[in-house]
Amino acid sequence: MNDRIGKCVHAPKAISPLASAVKAALAAALLVTSSVAMAQDSSTSGSGEQATTLDTVSVLGSRTKPRTVSSSAVPIDIISGEEFRNQGATDALDQLKVLVPSFNVSTIPIDDAASLIRPANLRGLPPDNTLLLVNGKRFHRAAVITFLGHGLSDGAQGPDLSVFPSLALEQVDVLRDGAAAQYGSDAIAGVINFGLKKLREGGTAEVFAGQYYKGDGLTTQYSAQIGLPLTERGFATLTAEWRKADDTSRSVQRDDAAAAIAAGYPGVGDPAQVWGSPKVDDDLKLVANLGLTTDAVDFYLFGNYAKRDVDGGFYFRDPTARSGVYSNDGGETLLVGNLTGVGACPTIALRDGAGNLLPYSGVGAAVAALPANCYTFLSSLPGGFTPRFGGKLEDSSIFAGAKGNLGEWYWDVSGSWGRNDIEFIIYNTVNASLGPDQPDGLYFRPGGNTQTEKSFNVDVTRDIAASFTAQPLRLAAGAEWREESFKISPGDGPSTAIGPLTEQGFALGSNGFNGFSARTAGTFDRRNWAAYADLEAQVTERLLLAGAVRFEDYDSFGSTTNGKVTARFDFNEHFALRGAYNTGFRAPTPGQANISQISTVFGGTALEDIATLPPTNPIAQLKGAKPLTPEESKNLSLGAVWTEGDWLLTLDGYQIKVEDRIALSTSFAVTPEERAALVAGGNPEAASISQVTYFGNAFDTTTTGVDLVTSFKSDHFGGTTTYSLAANWNKTEVDRFNPDFIDEARVYKLEKSLPKTKGYFSVHHQRQIFNANLRFNYYSSWYEDHLDSGVISAADGGLPIYGGSALIVDAEVGWKFDSGLYFSLGAQNLFDRTPAKNPWSGVAGAEYPVHSPYGFNGGFYYARVGWKF
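We now turn to the structure provided with this report. (Residues numbered from 1 in each chain as written. Predicted model: local features only at pLDDT ≥ 70, side-chain atom pairs only at ≥ 80, totals over all residues. Heavy atoms only, no water.)

**Some thoughts on the sheet that holds strand 3 (residues 76–80)**
The strand order across the open sheet built from five strands is 3-8-9-6-7, with neighbouring strands paired in mixed fashion. Looking at strand neighbours, the two that pair on one side only are strand 3 and strand 7 (137–138), the edges of this open sheet. Note: strand 3 against strand 8 (residues 169–175), five bridges, orientation antiparallel. Bridge pairing in strand 8 places I79 opposite V172. (Pairing = 2+ DSSP bridges. Helix = DSSP H or I, 4+ residues; strand = E, 2+ residues; numbered from the N terminus.)

Next comes the structure, spelled out in structure tokens:
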């Protein structure tokens, strides 16, 4: 890749006439009603389901007894299924982003596997610090490891929240408190529980369509649900959703591509590289929730199946500079391979003595005159190439159990199996070491990853009479056995081949994302068991005390014991103080301990092949890698709750200290001598590696924050109007780090990349058949290390972007008729707000900062029509 040449001139952004009409219609409807929007604890919209209220209970926070938002000793958000789904976003990640202020997720346009399963952050911590439950049971993590997480999420392996259709959800509970002592590993930041609907009759059919104001990203979604009786005392609720979303482009021409076009190179795209949301096709989600009650035992069975195809962009390969394909001396001369090893190949200059590109007419003529045994990719791909990267994802799970009473004991026995599988694809690329012998269609299958988890749980609870408490003691105890495995499937031959031109400096493997070699493929598993107990005491009518302890033993690194204490004091029926202290942990995953992958990343001035290696790999050990150990945390929270009629206000502060955080290291350069020694020692894939990185425990952080949640229900504007305000302030500081593992630039990203303040104010109005929603989403300033340049200062070659604050407005109006028919029209990002233009757009062609917390695609308008029967 060439150095930056200059900035591109951007034409004013066009907004389609249809988008303008939608904006005008929404504005008119909102003006007429003088109200609107979606909020926590709101009335229904859309299909008319019961909304969340102050009395809605959550299974989170306590294993002994469900609690409401206002009575819980720890902060909980309860979001009704209708509130969760009645918005323009169709992905669960984006739906949560606008409803939970401490939850952050951004569009991931070009980030290897992270483009397929986007990393999300709760309370400023990585995605694998948040535990996902379904109906109160642990859900498996995804097979994707985030190789490129832009500091905060580097190396994380979290769950895939997007595999559940929102129509299947009765409510979503978000526990904003550490809970490893109750639920085990991963619950450092908090817990999200998806509660599934339980219907014996009726159902819903719905169609959704929307697109961005710019005219791309068309999204269509079809959803259906039916409730059936399962004998006279049971239910079977079945939900299906199919979705398709076109890709988007917010790109400009790259400087190096423009220079190649100016020099006459044929076939260079305009733009040469696409930045935008990837294309999602055949996105199918199925959920079943079954229950049967008998005189002695209740049985339950639920599970999911989901699949989707994702196809996204990648970095442009400059025909005048890309190392390992076109040039290995910074673009001075063309890389020419000798196919037979007999005779010498001539040197072809690409630039003059002043560093300017020579006209293609002369370069092309020299290429055409090469002897038959000499080969260059400029002869077959003279305009360079831009790979397309994606994958086929499948996710499935099944949970089965029984529960009942045995004397004074309530028991619940369950087992589960979950699997997340991804098969990567990359095409329109080459294995340069193979020379002209490329696969048909330049299509490669680099292999895949599979995460499989099994568990078995026994839980018991009972009340114990005590003379010293106002109510009986509530005891919960249980045991859990889990097994998880991470499988690396090998890639096809062309994606892993070490071709005959390797020793001449041509890059091996599928360029951009090397296939998993047979040497690194395999299945890596781990088993653990746990025993835990919770005790809750209503000491007086005003004082609640609770404690939890959990012992867990892993066959990979040993055992850990964690505890939690919580307290709540109600001064009167309106005001209470609450607090909690807990210790927690997150176990390193088998994937993090064993994954091996070679990816192409932007290295500040050019693309580089970087190998991500397990700590046991000899190359990683050469650079200081050590076996992984668990992360350990200490979480302190203190809050207040105030209720008065239809008013609710909660204010909670927290501090989370995490020691020995697991993440990817800074990349380490591999010298030619080291590379030669590694190849000679039986590591042939090291032949084209210029940098290596690995997983390790190398830094400690302290995350401090405050959550404010308040709502008020009124009879304003001739109907029921609910006002809600929710805000989060969050700050992370790196307390200790190993400078040999991560550098100052990485620390800066950890501390500055997310907005410190995020929140929303919303209004929801319901009047007879009409409902309206208006939501103002606020994001404070944020930081992006564009293209992961790894340097903070622009003067030192970095690409820093300091994004300003933004207010994003969402609006929706809808009608619900007695026949069951409902209709809604809305816009997300009504006023088409985008970040300020990317000052480094010419480097790689991104028109906007690519990790804006509110995205870069602009306004999105949509319509929904359905029938509830």
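**Side note on helix 3 (residues 92–99)**
Counting buried positions over the eight residues of helix 3 gives eight, a clear majority of the element. Taken as a whole, helix 3 has its buried residues at A92, L93, D94, Q95, L96, K97, V98 and L99. The backbone nitrogen of L93 lies 2.8 Å from a side-chain oxygen of the residue at the head of helix 3, namely D91. (Buried < 20%, exposed > 50% of the residue type's maximum accessible area, 1.4 Å probe, protein only. Polar contact = N/O pair within 3.5 Å; in protein donor to acceptor, adjacent residues only side chain to side chain.)

**Some remarks on the state of the cysteines**
Such a bond, covalent and formed between the sulfur atoms of two cysteines, is termed a disulfide. All chains considered together, the criterion is met by one disulfide. Each sulfur in the disulfide pair C345 and C374 lies 2.0 Å from the other. Here C345 and C374 share a disulfide; its torsion about the S-S bond, -100°, makes the bridge left-handed. Pair noted here: C345 is in the loop between strand 15 (337–338) and helix 6 (360–368) and C374 is in strand 16 (residues 374–375), with a separation of 29 residues, a long-range link. You can call C374 buried: its relative accessible area is 8%. (Disulfide = S-S within 2.5 Å.)

**Description of a nonpolar patch on the surface**
On the surface, V207, Y222, I226, L228, L238, I769, F817, L821, F823, V865, W867 and F869 cluster together into a nonpolar patch covering about 1000 Å² of accessible area. Broken down by secondary-structure element, the contributors of at least two residues to the nonpolar patch are strand 11 (219–229), strand 37 (821–828) and strand 38 (860–868). Tracing the backbone through its elements, the reader meets L821 in strand 37. A residue is classified by how much of its surface remains accessible, and L821, at 37% relative accessible area, is partly exposed. (Patch = residues over 30% accessible without salt bridge, like charges linked within 9 Å, V, L, I, M, F, W, Y side chains within 5 Å. Areas by Shrake-Rupley, 256 points an atom, 1.4 Å probe, with all protein chains shown as cover. Salt bridge = Lys/Arg side-chain N within 4 Å of Asp/Glu carboxyl O.)

**So, empty space enclosed by the protein**
Overall, the coordinates contain 19 cavities of 30 Å³ or more when judged by the stated rule. Of the volumes computed, that of the largest cavity is approximately 850 Å³. If you go around the largest cavity, you meet 46 residues; those closest to its centre are D94, T107, R118, Y212 and S277. Listing elements by their share of the lining of the largest cavity, those giving two or more residues are helix 3, strand 12 (234–245), strand 13 (279–293), strand 14 (297–312), strand 33 (770–779) and strand 36 (806–816). Among the elements that line the lining of the largest cavity, the one with the most residues is helix 3, at four residues. For the lining of the largest cavity, a count of residues per class yields 17 nonpolar, 17 polar and twelve charged. Considered as a void within the structure, the second largest cavity measures approximately 310 Å³ in volume. Lining the second largest cavity are 22 residues, and of these S106, H150, S753, L754 and H851 sit closest to its centre. (1 Å grid on protein atoms, 1.4 Å probe; cavity = no way out; pocket = protein on both sides within 12 Å on 5 of 7 lines; lining within 4 Å. Points joined across faces, edges and corners; volume = space filled by probe spheres on them. Nonpolar A, V, L, I, M, F, W, Y, C, P; charged D, E, K, R; others polar.)

**Considering the side chain of E241**
With respect to the helices, strands and loops of the structure, E241 is situated in strand 12. Classification of E241 by relative accessible area gives buried; the value is 2%. Polar contacts involving the side chain of E241 include one to the side chain of Q221, which spans 3.4 Å. With residues up to four places along the chain from it excluded, the contact list for E241 reads P165, S166, Q221, Y222, S223, D283, L284 and K285. (Contact = heavy atoms within 4.5 Å.)

**Notes on the packing of aromatic side chains**
A full pass over the atoms with the stated rule returns 36 aromatic pairs. Look at F139 and F164: their rings are 5.2 Å apart centre to centre, the planes differ by 65°, and that puts the pair in the edge-to-face class. One end of the pair, F139, is in the loop between strand 7 and strand 8; the other, F164, is in the loop between strand 7 and strand 8, with 25 residues separating them in the sequence. Each member of the pair, F139 as well as F164, is classed as buried. Plain terms: the ring middles of F513 and F516 are 6.2 Å apart, the flat faces sit at 85° to each other, and that makes the pair edge-to-face. Residue F516 is classed as buried on the basis of its relative accessible area, which comes to 1%. (Phe/Tyr/Trp six-rings, centres within 6.5 Å; stacked < 30°, edge-to-face > 60°.)

**Here's the deal with unusual backbone geometry**
Put simply, D270 and P271 share a cis peptide bond, and its omega is 0°. Positionally, P271 belongs in the loop between helix 5 (255–262) and strand 13. One non-glycine residue, R123, lies in the positive phi region at around 55°. Residue D282 is not a glycine yet carries a positive backbone phi of 50°. For D282, the location among the structural elements is in strand 13.

**With respect to the pairing of strand 30 (residues 691–714)**
Within strand 30, 18 of the 24 residues are buried, which leaves it mostly tucked inside the rest of the structure. The sheet contact formed by strand 28 (residues 647–664) and strand 30 spans 16 bridges and is antiparallel. Its bridge partner being in strand 30, A663 is matched across the sheet by G696. Sheet topology note: the strand 29 (residues 668–669)/strand 30 ladder contains two bridges and is antiparallel. Looking at the pairing, A669 lines up with Q691 of strand 30. By the bridge criterion, 16 bridges tie strand 30 to strand 31 (residues 720–737) in an arrangement that is antiparallel. Looking at the pairing, T710 lines up with L725 of strand 31.

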